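Close look at the chain arrangement
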Amino acid sequence: MEEYTREPCPWRIVDDCGGAFTMGLIGGGVFQSIKGFRNAPSGFNRRLIGSMTAIKQRSPTIAGNFAVWGGLFSTIDCALIHVRKKEDPWNSIISGAATGGILAARNGVSAMAGSAFIGGVLLALIEGVGILFTRLSAEQFQPQPPVFEDPTQQAPSGGLSFQ
């Protein structure tokens, strides 16, 4: 079985930023196509044009926002790995909270605290589910003791025997 290893930190930031941009582009494209289709004037052709217009206008912005979030999260995660000298779920949880707080900084301290709390809780849930799946899947790969048959025992016969 092949083991997945992550890129070293400078490249991880670029990789995560690009992955987040792609997720935002695809997800934003799907969401905006539905929204544009619903909000366009009646007629199938007009609705398709409205859908394409919404995709072209909003999807790059959504993708850029996702890329900023992914890049900031990954940068903070790499900084925590460097400072703490270990890679564990706490780095992701702290990174999620810090990213939420930093991105909400323009809205005031209360918004920063709320966004940091939500970011930390979401990343804690994600990390918890990941740990749960890892533990559940690891149980099936535990070595089992071999089962040996005792050659002195006879197979049970069909009838009852009283001795």
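Note: the structure precedes this text.
A brief look at the structure comes next. (Residues numbered from 1 in each chain as written. Predicted model: local features only at pLDDT ≥ 70, side-chain atom pairs only at ≥ 80, totals over all residues. Heavy atoms only, no water.)

Looking now at the packing of helix H3 (residues 89–103) against helix H4 (residues 109–139). In contact at an axis separation of 6 Å, H3 and H4 are set at 155° when each is read in the N-to-C sense. As summarised for this structure, H3 and H4 are arranged roughly antiparallel, according to the angle between their axes. With respect to the hand of their crossing, H3 and H4 are arranged in right-handed fashion. Taken together, the residues of H4 that come into contact with H3 (itself represented by Pro89, Ser92, Ile93, Gly96, Ala97, Gly100 and Gly101) are Met112, Ser115, Ala116, Gly119, Gly120, Leu123, Ala124, Glu127 and Ile131. Partitioned by chemical class, the residues of the contact of H3 with H4 number eight nonpolar, seven polar and one charged. (Axes fitted to C-alpha atoms, helices over the stretch in contact; angles between N-to-C directions. Helix = DSSP H or I, 4+ residues; strand = E, 2+ residues; numbered from the N terminus. Parallel < 35°, antiparallel > 145°, perpendicular 65-115°, else oblique. Left-handed = near helix turned anticlockwise from the far one by under 90°. Contact = heavy atoms within 4.5 Å. Nonpolar A, V, L, I, M, F, W, Y, C, P; charged D, E, K, R; others polar.)

Let's shift gears to the pattern of salt bridges. Going through the model one piece at a time under the given rule, you end up with two salt bridges. The salt bridge partner of arginine 12 is glutamate 87, with a shortest N-O separation of 3.3 Å. In this pair, arginine 12 is assigned in helix H1 (residues 9–39) and glutamate 87 in the loop between helix H2 (44–84) and H3, connecting sequence segments 75 residues apart. A salt bridge links aspartate 88 to arginine 84, with the nearest nitrogen and oxygen atoms 2.8 Å apart. (Salt bridge = Lys/Arg side-chain N within 4 Å of Asp/Glu carboxyl O.)

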